[in-house]
Amino acid sequence: MDVEVVAARLGVPVEEVDRVRRLAGDLPSAPLPDRADAPAILDRLAVCPDDAAEIMAGWPDPGSPLWTPELSWLLDRSIALVRADLGGYDWLPPGPALPRDRGPAWRHLYVYAYLALVDVVRGYHRDHGVPDAVSWATLADLGRNLAIDRRMSREGWPVMQSWLTLHARGGLYELGRLQHQRSGDDAIGLHITEAGPLSPAAVTASLDEARAFFPRHFPDERYTAFSCGSWLLDPQLREYLPEGSNIVRFQRMFELEPYEAPEGLDADVEVLRFVFRSLSTPLERLPRRTALQRAVVDHLTAGRHWQWRRGRFPI
């Protein structure tokens, strides 16, 4: 299809459509599950009923009036783009951010791409001997992220659509309390889910599971350290939180690298995204129920800024 026409009809930058065309080329896509099977799959992926209803309402049935030729082309090529990098472990934007107020097909296009890749990545998992329980626990991050996006009044998804390509390509695994990301270097990347307290016992159990998991299922990859990049590692948090807090104890596991802000990442925005799940609520109206919430608000109200820090520790 003509990328300029597609971009104009989708209302997105032409260079983003051209990127999809170049990366996907004529590579094979993957089919979506049968509509009849979709509700059970969405349930296994922890998708809440409200989100599941929207996804089913916009389902890409053949001949559906909701799906223009441009939308159908983008869905097919986005699936192909992600599938082509099966086994990859870097962030991979699957396509341009769409105007999501134009209906469920527009709002959930990349959810449909994810659903088409579930069987593909589970096959990759089976080839590496990954237990089925780990596969489903990992892939169920879809439901968690959709629920967060709903809570954020649709402010969260542009970040999440790229994040979820890690799961759909076999680059990330949820092992207990933490998610563990394969990498191109010597360190397993750690990510913290929204799943209750970050207790030392839960963290230790997850790390121990990873120490056994990666040599067993990815024996050709040699990892000597765990690493993490997060505002949670910002030492400024210690000015506000008690020494015995879970966050401070998590911080103390890491040896921090010299501070260097990642290009294009605003730590203040990320803190608000993760602590309050809102990017538009004025500071004075944010809740102050927890020590962390009070720390974030007080710090920003004082005109100070949070930092995104990276650290590591030996396996």
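Residues numbered from 1 in each chain as written. Predicted model: local features only at pLDDT ≥ 70, side-chain atom pairs only at ≥ 80, totals over all residues. Heavy atoms only, no water.

Focus: the pairing of strand β6 (residues 309-314)
Burial along β6 is one-sided: Arg309, Gly311 and Phe313 are buried, while Arg310, Arg312 and Pro314, pointing the other way, are not. Of the pairings in the sheet, the one linking strand β4 (residues 225-230) to β6 comprises six bridges and is antiparallel in character. Bridging from a neighbouring strand, Phe226 pairs with Phe313 of β6. Summarising the sheet, strand β5 (residues 255-256) and β6 pair through two bridges and their orientation is antiparallel. When the sheet's bridge partners are listed, Glu255 is paired in β6 with Arg312. (Buried < 20%, exposed > 50% of the residue type's maximum accessible area, 1.4 Å probe, protein only. Helix = DSSP H or I, 4+ residues; strand = E, 2+ residues; numbered from the N terminus. Pairing = 2+ DSSP bridges.)

Let's talk about the side chain of Arg177
Looking at where Arg177 falls in the secondary structure, it is placed in the loop between β1 (172-175) and β2 (178-181). Among buried Asp, Glu, Lys and Arg side chains, Arg177 stands out as unpaired, with Glu174 the closest opposite charge at 7.2 Å. Polar side-chain contacts of Arg177 include one of 3.0 Å to the backbone oxygen of Pro197. Setting aside chain neighbours within four positions, we find Arg177 in contact with Ile192, Thr193, Ala195, Gly196, Pro197, Leu198, Ala202 and Ser206. (Lys, Arg positive; Asp, Glu negative; His and termini not counted. Salt bridge = Lys/Arg side-chain N within 4 Å of Asp/Glu carboxyl O. Polar contact = N/O pair within 3.5 Å; in protein donor to acceptor, adjacent residues only side chain to side chain. Contact = heavy atoms within 4.5 Å.)

Topic: the nonpolar core
Counting residues in each nonpolar core, the largest one holds 52 residues, and the members touching the most others are Leu45, Ile55, Leu115 and Leu142. With twelve residues, helix α7 (residues 109-127) is the largest single contributor of residues to this core. If we skip the residues at most four places from it in the chain, Leu45 touches Tyr114, Leu115, Val118, Trp136, Leu139, Ala140, Leu142 and Gly143. Listed in part, the 22 residues of the second largest apolar core include Val134, Leu190, Phe218 and Leu233. (Core = buried A, V, L, I, M, F, W, Y, C linked by side-chain atoms within 4.5 Å.)

Section: the packing of aromatic side chains
Summed over the entire model, instances satisfying the criterion amount to 14 aromatic pairs. Relative to Phe313, the ring of Phe226 lies with its centre 5.5 Å away and its plane at 40 degrees, an arrangement referred to as tilted. Taken together, the residues span a long stretch of sequence, with Phe226 in strand β4 and Phe313 in strand β6 at a distance of 87 residues. Classification of Phe226 as buried rests on a relative accessible area of 0%. The class of Phe313 is buried, set by a relative accessible area of 9%. Ring geometry for Phe254 against Phe313: centres 5.0 Å apart, planes inclined by 75 degrees, an arrangement best described as edge-to-face. Separated by 59 residues along the polypeptide, Phe254 in the loop between α12 (246-251) and β5 and Phe313 in strand β6 bring together distant segments of the chain. For the residue pair Phe254 and Phe313, the accessibility class agrees, reading buried in each case. (Phe/Tyr/Trp six-rings, centres within 6.5 Å; stacked < 30°, edge-to-face > 60°.)

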